[in-house]
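Report on the structure
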Amino acid sequence: MPPVRYLALLCLLLSCALVHAAESGQSRAETAGRSLIGQPAPRMVLKTIDGPTIDLGALYGKKAVYLKFWATWCVPCRQQMPHFEHAYEEAGPDMVVIGIDVGFDDSVEEVRKVQKQLGLSMPLVFDDGSLGEAFHLRVTPQHVVIGRDGRILYVGHEANDKLDAALAQARSSSPGQVAAAAVPKDEPHYDVGDRVPAFDVRTLDGKALPAFGATPGQPTVLLFLSPWCESYLAKSRPAMAQSCRTARERADVLARDNHARWLGIASGLWASHDELADYQREHHMTMPLALDDTGALFRRFRVMHVPTVIVLDAQGKVLRRSEDVDAALPSPQPVASVH
């Protein structure tokens, strides 16, 4: 093939790959948000990292609302920040623009650093998982546009014409009759010493496994993980990537020991069933894995960092939790550490 034609073909393939990558995030966000479109937005009170609170319910019927879910470790989030800042500067009196850090493997300190580095002016909120649940968070960034009538107009990932059109529509729309929005219910949360009600975990092979008590007297170890932690964060946060790798390697060894039963629980953020299955095959993992696509288990145990280990006894009592890999998995012989 002539060099010119070869280069043209290569450029075409690269552009197609980039388009596919962009569509992947957009399609995930749109799929997750499809059931929200046209529905009343939840009434929630947000506390900003600087102290003041924002009552979303009090805004409905008066102003449009633009929420951007993001994270400091997210490359496209940073790339879109100029667009986000511009949207805030141009919002005027008809729209409120709020940045929401998803809280996953992040900290308020990191948010403040990025706020200063990029000169962000809009109010910023650090989520504990409740906002992500209410707005069906699946990717970062994820945009949610709420009309002046309090109904959700748009959910997406890209900073593109579709987002701009949704913002314009939200600002120009008539408040009309405000939709009756539900207040999200508080979910029970469990920490060390609490006893967890019985529940099943559906693994990648479709089996529904009891979270604890499968074998009398045998504890269960839940390893909360993310299949992209080792690769995506390798350069930006190498220590965290190494922690994820170490946890996987140690847990896979310990999972072969009959003294404890191991279950891997993967975050649904930027992860699908097939991607988790690929991760399992790539690393030849033997422990059962489950995708927490709605984030219910992460919220139940207030897991905001990976890896996190939760140890349950056979009756469902939380014996231990740790985000420190060395403390959680001290050796390939966990008998003494688990009991």
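Criteria and thresholds
Residues numbered from 1 in each chain as written. Predicted model: local features only at pLDDT ≥ 70, side-chain atom pairs only at ≥ 80, totals over all residues. Heavy atoms only, no water. Pairing = 2+ DSSP bridges. Helix = DSSP H or I, 4+ residues; strand = E, 2+ residues; numbered from the N terminus. Right-handed = clockwise from strand over helix to strand, strands pointing away. Disulfide = S-S within 2.5 Å. Buried < 20%, exposed > 50% of the residue type's maximum accessible area, 1.4 Å probe, protein only. Phe/Tyr/Trp six-rings, centres within 6.5 Å; stacked < 30°, edge-to-face > 60°.

Describing the pairing of strand E12 (residues 289-292)
Note that strand E11 (residues 261-267) and E12 share four bridges and pair parallel. Within E12, the residue paired with Ile265 across the bridge is Ala290. Once you follow E11 into helix H9 (residues 273-282) and on to E12, the crossover reads as right-handed.

Overview of the state of the cysteines
Applying the stated criterion to the full structure yields two disulfides. Here Cys229 is linked by a disulfide to Cys244, with a sulfur-sulfur distance of 2.0 Å. For the disulfide bridge between Cys229 and Cys244, the dihedral angle about the S-S bond is near 80°, and by the sign convention the bridge is right-handed. A residue pair is termed long-range when its members are at least 10 positions apart, and Cys229 in helix H7 (residues 229-232) and Cys244 in helix H8 (residues 238-254) qualify at 15 residues. Of the two residues, Cys229 and Cys244, neither departs from the other in class, the shared state being buried. Counting its disulfide-bonded cysteines in sequence order, the chain shows a connectivity of 1-2, 3-4.

Looking at the packing of aromatic side chains
Two measures describe an aromatic ring pair: the distance that separates the ring centres and the angle between the ring planes. Considering all chains together, one arrives at 11 aromatic pairs under this definition. A centroid spacing of 6.4 Å and a plane angle of 55° characterise the contact between Tyr190 and Phe301, whose relative ring orientation is tilted. Here Tyr190 is found in the loop between helix H6 (161-172) and strand E8 (200-202), whereas its partner Phe301 is found in the loop between helix H10 (296-300) and strand E13 (308-312), with 111 residues between them in sequence. Each member of the aromatic cluster is reached from another via a ring pair, and the members are Trp73, Phe104, Tyr190, Phe199, Phe224, Trp228, Tyr232, Phe298 and Phe301.

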